[in-house]
Amino acid sequence: MKKTILVAGATGNLGGRIVKALVKEGAAVKAIVRKGSDPKKIEALKNLGVSVIPIDMANISEIAAACVGVSCVVSVLAGLKDVIIDGQKNLLEGAIQAGVPRFIPSDFCTDFTIIPEGENRNFDLRKEFKKHLDRSLIKATSIFNGCFTDILRYNTPLFDTNNKTIVYYDDKMDWEMDFTSMDDTAAFTALASLDDDAPRDLRIASFRVSPNDLVQLSEQHKNQKFELVNGGSMEGFSAYNKSQRAANPKGEMELYASWQQSQYVYSMFLANHSNLDNNRYPNLHWASVEENI
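Only a predicted model underlies this, so the values are computations on that prediction, with no experimental measurement involved. (Residues numbered from 1 in each chain as written. Predicted model: local features only at pLDDT ≥ 70, side-chain atom pairs only at ≥ 80, totals over all residues. Heavy atoms only, no water.)

Undergrad: Can you walk me through the sheet that holds strand β10 (residues 177-180) in this structure?
TA: Strand-to-strand pairing in sheets goes through backbone hydrogen bonds, with the strands running parallel or antiparallel. Within the open sheet, the three strands sit side by side as β8-β10-β12. Their pairing is mixed. Across the chains shown, the open sheet's two edge strands, defined by having one partner strand only, are β8 (147-148) and β12 (207-209). Pairing analysis gives two bridges linking β8 to β10, with the strands arranged parallel. Residue pairing across strands places Cys147 opposite Phe179, the latter belonging to β10. (Pairing = 2+ DSSP bridges. Helix = DSSP H or I, 4+ residues; strand = E, 2+ residues; numbered from the N terminus.)

Undergrad: When you look at helix α5 (residues 121-135) in this model, what are you seeing that I'm missing?
TA: Since the α-helix advances by 3.6 residues per turn, residues separated by three or four positions end up pointing in the same direction. Taking 1.5 Å of rise per residue, 15 residues should cover 21 Å, and α5 covers 22 Å from first to last C-alpha, within 8% of that figure. Of the residues making up α5, those classed as buried are Arg121, Asn122, Phe123, Asp124, Leu125, Arg126, Lys127, Phe129 and Leu133. Looking at the buried side of α5, the elements it contacts are α4 (81-97), β5 (102-104), β6 (139-140), α8 (234-247) and α9 (258-270). Between the side-chain oxygen of the N-cap and the backbone nitrogen of Asn122 there are 3.2 Å, and the N-cap of α5 in question is Asn120. (Expected span 1.5 Å × (residues − 1). Buried < 20%, exposed > 50% of the residue type's maximum accessible area, 1.4 Å probe, protein only. Contact = heavy atoms within 4.5 Å. Polar contact = N/O pair within 3.5 Å; in protein donor to acceptor, adjacent residues only side chain to side chain.)

Undergrad: What's the story with the sheet that holds strand β4 (residues 72-75) in this structure? I'm lost.
TA: One open sheet holds the six strands; their spatial order is β3-β2-β1-β4-β5-β6, and the pairing between them is parallel. Among the strands making up the open sheet, the edge pair consists of β3 (51-55) and β6. Bridge count between β5 and β6: two bridges; the pairing is parallel. By the bridge assignment for β6, Phe103 is matched with Ala140.

Undergrad: What's the story with the pairing of β10 in this structure? I'm lost.
TA: Every other side chain in a regular strand lies on the same face of the sheet, so the side chains alternate between the two faces. Side chains Met177 and Phe179 of β10 all project onto a buried face; the interleaved residues Asp178 and Thr180 project onto the opposite face, where all are buried too. Direction of pairing for β10 relative to β12: antiparallel, over a ladder of three bridges. By the bridge assignment for β12, Asp178 is matched with Arg208.

Undergrad: Please clarify how the nonpolar core should be interpreted in this entry.
TA: A general tendency of soluble globular proteins is for nonpolar side chains to be buried together. If you look at the biggest cluster of nonpolar residues, it comprises 34 residues, and the most contacted ones within it are Val7, Ile18, Leu22, Leu45, Val74, Phe188 and Tyr281. Within the residue set of this core, elements represented by two or more residues are β1 (4-8), α1 (13-24), β2 (28-34), α2 (39-47), β4 and α6 (182-193). If one sorts the elements of this core by residue count, α6 sits on top with six residues. Sequence-distant contacts of Val74, that is, excluding residues within four places in its chain, are made with Ile5, Leu6, Val7, Ala8, Ile18, Ile104, Thr189 and Ser193. Of all hydrophobic cores here, the second largest spans 25 residues; its members include Val167, Phe207, Val215 and Met234. (Core = buried A, V, L, I, M, F, W, Y, C linked by side-chain atoms within 4.5 Å.)

Undergrad: Explain the UniProt feature "domain: NmrA-like" (unreviewed entry) in the protein here, please?
TA: Residues annotated by UniProt as "domain: NmrA-like" (unreviewed entry) correspond here to residues 1-227. Span residues 1-227 is 37% helix and 20% strand, its end C-alpha atoms 56 Å apart. (UniProt positions renumbered as here; feature names shortened; annotations may be inferred.)

Undergrad: What's the story with the packing of α8 against α9 in this structure? I'm lost.
TA: One can describe the packing of α8 onto α9 by two numbers: an axis separation of 9 Å at closest approach and a directional angle of 160°. Taken together, the axis directions place α8 and α9 in an arrangement best described as roughly antiparallel. With respect to the hand of their crossing, α8 and α9 are arranged in left-handed fashion. When α8 is examined against α9, the residues Met234, Phe237, Ser238, Tyr240, Asn241, Gln244 and Arg245 are found in contact with a partner set consisting of Trp259, Ser262, Gln263, Val265, Tyr266, Phe269 and Leu270. Grouping the amino acids of the contact of α8 with α9 by side-chain chemistry returns eight nonpolar, five polar and one charged. (Axes fitted to C-alpha atoms, helices over the stretch in contact; angles between N-to-C directions. Parallel < 35°, antiparallel > 145°, perpendicular 65-115°, else oblique. Left-handed = near helix turned anticlockwise from the far one by under 90°. Nonpolar A, V, L, I, M, F, W, Y, C, P; charged D, E, K, R; others polar.)

This is how it looks when you write it as structure tokens:
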């Protein structure tokens with residue numbers, strides 16, 4: 001019998017890809033969306049054969065009703081405290097009331113369990129929800145994918161296509177960072193949601209690349225060898241991020257405040273995945289760095 005997977009956040013970029021991957025795997029898919037969501041996005045989901053259920057995310061009874069008969073809830077919600085903590089708590093409570101056995105939280109990032117509190121605001125929100133999730137009786141699986149490959153096209157200090165520079169910190173020229181494409185993340189998540197034996201944490205990466213690797217890749221794929229620039233110490237970088245956050249309190253209400261973006265770069269150089277679970281689903285094809293530069 002087909003498993004039914006419920007996706008919260010299906011109208012978003014990653015959420016929509018997860019839905020498509022689930023449909024490809026033959027799953028029955030429910031999508032809960034906020035009342036008043038974009039009709040075009042809802043129609044696109046329905047055209048895939050998805051059962052779309054508009055709900056009030058503050059109404060746990062409505063969430064529970066949508067979760068009836070579901071094997072796993074996949075949260076791809078994006079936001080700040082009102083979403084990542086409060087909204088996901090409601091989603092989790094609805095899933096528990098409906099007897100859903102498994103829950104995948106919106107933890108699509110670097111493994112934040114090895115990053116100290118205060119270094120990344122958005123990771124701290126996920127840590128707070130994790131405490132609540134781990135106290136529940138539902139079986140949870142977090143999927144840590146490192147950074148999305150899109151960052152290599154965003155002209156960040158890591159790979160600055162305007163100034164033709166690549167930054168590193170301390171002596172981390174050969175520090176390998178984990179990158180995963182959204183399609184790879186979606187395909188893996190779909191399989192994990194259908195996998196009753198999936199463990200608490202899964203760590204993946206389409207590829208791993210260092211600042212030194214990026215220098216060589218820039219010469220091969222950007223027709224110019226980018227300059228490797230020392231951005232200073234990790235200790236100084238951390239202090240800078242904290243001072244910028246304190247000086248710009250309005251950013252607390254912004255999902256991607258300027259200091260939050262800098263915190264992400266810091267996290268990339270602070271933690272990587274010592275072991276990868278890419279081989280758990282051996283039929284997956286993983287994107288290459290060459291496809292994403």
